[in-house]
Each structure stands twice: as structure tokens, then as C-alpha cells.
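# Coordinates in review
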Amino acid sequence: MPIRVSRVCSSTVLSCPIRNRLSLCTHTSVEETTDEILNRILAAGEDPSRTREHCVDYIRKLCSAGNFQAAAKLPQTLRGKHVFLGPPAYNYILEAAERRNDIGIISQVFKDLLESCGSIGLNSYLIVARAFGKHNTPAMLLDFIQEICEMELPRIDIVLNRFIHALAKCGHPNDAILVFENMKSLGCKPDLVTYNTVLAILGRLGQVDNMLRVFSAMETVDLVPDIVTYNTVLNSLRKMGRLDLCLVHFKEMTERGIQPDLLSFKALIESLGRSGNIEEALNIFDEMKHMGIQPSVHIYRALIFSLKKMGKMELALKFSREMNVLLQGSVVRSYNQN
């Protein structure tokens, strides 16, 4: 019966023969000793968790000795023996290879991880994204993405979406955009999550024109923007001080039948307030409350700031009192929950 292993333990106690053999294998011919070591571990007849610990310890020793190729092959060999290591073991190899800037091993291990574990956490993507970001070689990155696309994974869109997000999160937004722009040519169709992610990246970069271009392109691929899409666009336009476009897209959203939420109103109210349209901001604020949406502290603070700037001190004091009541209510609710 297959032994399923899914978690890695950092502490491990090996029997003396196995421990000594593991130490020797990192200094002698890996090709000659790997199968022997694994057979010895598996022959010990221990429970799955102990078997896993021994195998992970072996991986750590190989990485410490610089034998990344052997460490990368080990999970594959184990799968053939019905021993499955979880993402933490793969991440250990990925991190060790990243420290040595071994992009070949990183590519190999990450692809093996995708095949063996299917759905993996963001941490694995971040390690790989950092490694490719350091190399800063677009051709190498696109070759890697093409190899991923050729793996015929069941949800390649999810894999690429997470990788795009990871690249941006690691400080490599241009690489993230590069992957997005080449998805179609690689045979992978960007979905709504892809577009929302890219819109957020372009917004953070302050590239309003490119952001709106990508937003408009959604119609050409029959993708309908959702509340996340509009909030992303509205928030970016707010940051750039583009009240005109903020109003256009807010109106478009409501005409599409998408009901604004707290984030939508926050972007619009702040944009109106900062541009001196305080009366309109107050009207939108009242409309939001009429819809049953509780104003956030951030909205109150934005209004108070704009009111003070316009010299409306009495009204600013009124909203300040309302905000304090809101804060006190939050404290009471938090206390009661505890």
C-alpha cells in the first residue's frame, strides 16, 4: 500500500547505520549510493512519518554538500517507491538552489513539484520568482513558462496566475507583465483572475494608460469585469488623482448592474473630497449609508480631512464624533468576542 507523506519535520533522529550511511553518501558517488540508502531507509519498516523524516534528512545533507542534482532527483525516485514528500521538502531544495543561483535545478524541482503535488502554496512560487528575478533574463523566463505550459497540467491558468502574482510580489512587476503578454502565444488564455492581477500591478506602477488599455482589452476576449476589477481600477485612479475617470468607471459599474461595495465608495468619496467636490462626496456618503453599507474609519478620516481643508470645521467635528462612536463600538464587540 502506498505510503503518503505530506508534511516535513525539521528534527529527525536516525539509527546509527542509516545516519552514518547518509553522511558517507554526500561525499562518495551519489549515483551509486542513492538507491542503496533509500532501500535501507525503506527496509527499516518504520511508520510513514519516520520514513519521511529520514528521507528529508537525506535531502538536507545532499543540499548541504552541494549535491543539488541528487537532491532534485530524490523526490522522483521516492515517488517510484510510493513515498510522497510534500511541498516543504521541495521548498528546501528550491531555497538551497536559489542561494547558489542554480536556475536549472530550480526549474527542474518546481516542475516536479507541480506534477507530484498539484496545488501548491504561494511560498514555492515566491522562491522561483525571486530566482528568475535575480537573473533578469526575459528569454530564460519565457522558456521556463513555455516548459510549464507544455506540462499539460489540469489548471495551468492557476499556475500562471500565481506565478504572475509572485513575480510582482517579489518586486519584479515587469517580468509579471511579460508573462501575461506572452500567455496567449504559449497557448494559455488569461482569465478574469489574470486580468485583475495585472490591473493591480499596473495600477501600483502608476501606469494608468496601460491599465485602462488592459481593462478595455477584456471585452475583446469576452471577459466581463467583476467588482474586484472595478475596485482595482477605481483605487488606482484615486491614487493618481483621476477623478474624471473615477466617475466614469463608477457609473459604468452601476450601469452594468454591479453594486458598489465599501471599497468602491471609499475610492469615489476620497477622490471627490481631495478634488474639492466636498458636497458631492457627502451626497455619495449618504447614498452609501442609505444602501446599508457601514462607513469605514478610512472613509470618515478622508471626509474629515477634506472638510477641514475646506474650512468646514463644524461638520468635520460632527463626523469625528460619528467616527469615535464607530471605533468604540468596534472595541466593545472585540471585547465581547474575547
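Notes on the structure follow. (Residues numbered from 1 in each chain as written. Predicted model: local features only at pLDDT ≥ 70, side-chain atom pairs only at ≥ 80, totals over all residues. Heavy atoms only, no water.)

For the rest of this paragraph, the subject is the overall build of the protein chain. Looking only at helices and strands, the protein chain has 18 helices and two strands in total. When the 338 residues of the protein chain are sorted by exposure, 47% land in the buried category. By sequence separation, contacts in the protein chain at least 24 residues apart represent 63% of the contacts at least 6 residues apart. Split by element, the accessible area of the protein chain, about 17100 Å² in all, is 51% carbon and sulfur. (Helix = DSSP H or I, 4+ residues; strand = E, 2+ residues; numbered from the N terminus. Buried < 20%, exposed > 50% of the residue type's maximum accessible area, 1.4 Å probe, protein only. Contact = heavy atoms within 4.5 Å. Areas by Shrake-Rupley, 256 points an atom, 1.4 Å probe, with all protein chains shown as cover.)

Attention now goes to empty space enclosed by the protein. If a probe as big as a water molecule is rolled over the atoms, it shows which places are left empty. Enumeration over the complete set of coordinates arrives at one cavity of 30 Å³ or more. What the largest cavity holds in volume is close to 30 Å³. Looking at the largest cavity, the residues that line it are Phe110, Tyr125, Phe144, Ile145, Ile148, Val159, Leu160 and Phe163. Those elements that provide at least two residues to the lining of the largest cavity are α8 (138-149) and α9 (156-169). Of the residues belonging to the lining of the largest cavity, the class tally is eight nonpolar, no polar and no charged. (1 Å grid on protein atoms, 1.4 Å probe; cavity = no way out; pocket = protein on both sides within 12 Å on 5 of 7 lines; lining within 4 Å. Points joined across faces, edges and corners; volume = space filled by probe spheres on them. Nonpolar A, V, L, I, M, F, W, Y, C, P; charged D, E, K, R; others polar.)

A few words now on the layout of surface pockets. Roughly 220 Å³ of volume is contained in the largest pocket. Where the lining of the largest pocket is concerned, the elements lending two or more residues are α10 (173-182), α11 (192-205) and α12 (208-220). Per-class residue counts for the lining of the largest pocket are nine nonpolar, three polar and three charged.

So, about the packing of aromatic side chains. For the structure on display, the rule yields ten aromatic pairs. Across from the ring centre of Tyr92, 4.4 Å away, lies the NZ or CZ of Arg60, which sits over that ring. The side chain of Lys318 reaches across the aromatic face of Phe319, ending 4.7 Å from its centre. (Phe/Tyr/Trp six-rings, centres within 6.5 Å; stacked < 30°, edge-to-face > 60°. Lys NZ or Arg CZ within 6 Å of the ring centre and 35° of its normal.)

A word on the pattern of salt bridges. For the structure on display, the rule yields 14 salt bridges. Salt-bridge contacts for Glu147 lead to Lys111; the nearest nitrogen and oxygen are separated by 2.8 Å. Here Glu147 is found in helix α8, whereas its partner Lys111 is found in helix α6 (residues 103-117), with 36 residues between them in sequence. In this structure, Glu322 engages Lys318 in a salt bridge whose closest nitrogen and oxygen atoms are separated by 2.9 Å. Placement of both Glu322 and Lys318 in helix α18 (residues 313-337) is noted, with a separation of four residues, approximately one turn of the helix. A residue is classified by how much of its surface remains accessible, and Lys318, at 40% relative accessible area, is partly exposed. Here the salt bridges share partners, and the residues they tie into one network are Arg238, Lys266, Glu270 and Arg274. (Salt bridge = Lys/Arg side-chain N within 4 Å of Asp/Glu carboxyl O.)

Once that is clear, we can look at helix α4 (residues 68-80). The end-to-end C-alpha distance of α4 is 19 Å, a good match for the 18 Å that 13 residues give at a rise of 1.5 Å each. Residue Leu74 marks the point of greatest curvature in α4, where the axis turns by about 30 degrees; the proline Pro75 follows within four residues. Within α4, the full set of buried residues consists of Phe68, Ala70, Ala71, Ala72, Leu74, Pro75 and Leu78. Directly after α4, the chain includes His82, whose backbone phi takes a positive value near 65 degrees. (Expected span 1.5 Å × (residues − 1). Bend = angle between axes of the 7 residues up to and from the residue.)

The first and last C-alpha atoms of α8 sit 16 Å apart over twelve residues, in line with the 16 Å expected at 1.5 Å per residue. Among the residues making up α8, those that are buried are Leu141, Phe144, Ile145, Ile148 and Cys149. Axial view of α8: buried residues confined to an arc of 140 degrees, hence all on one face. Contacts made by the buried residues of α8 are with α6, α7 (122-135), α9 and α10. (Arc of directions from axis to C-beta.)

A separate point is the side chain of Thr197. As for its position among the elements, Thr197 is in helix α11. Excluding residues that lie within four positions of it along the chain, Thr197 makes contacts with Ile164 and His165.

It is worth spelling out the environment of Ala72 at this point. Within the fold, Ala72 resides in helix α4. Taking the C-alpha atoms as reference points, Ala72 and Leu62, ten residues apart in sequence, are found 9.5 Å from one another. Residue contacts for Ala72: discarding those within four places in its chain leaves Ile93, Ile105, Gln108 and Val109.

This part is about unusual backbone geometry. Here the phi dihedral of Asn101 falls at roughly 55 degrees; this positive angle occurs in a residue that is not glycine. Take Asn101: it is sitting in the loop between α5 (87-99) and α6. A relative accessible area of 46% places Asn101 in the partly exposed class.

Let us now look at the side chain of Asn196. Among the secondary structure elements, Asn196 is positioned in helix α11. When sequence neighbours within four positions are dropped, the list of residues in contact with Asn196 reads Asp226, Val228, Thr229 and Thr232.

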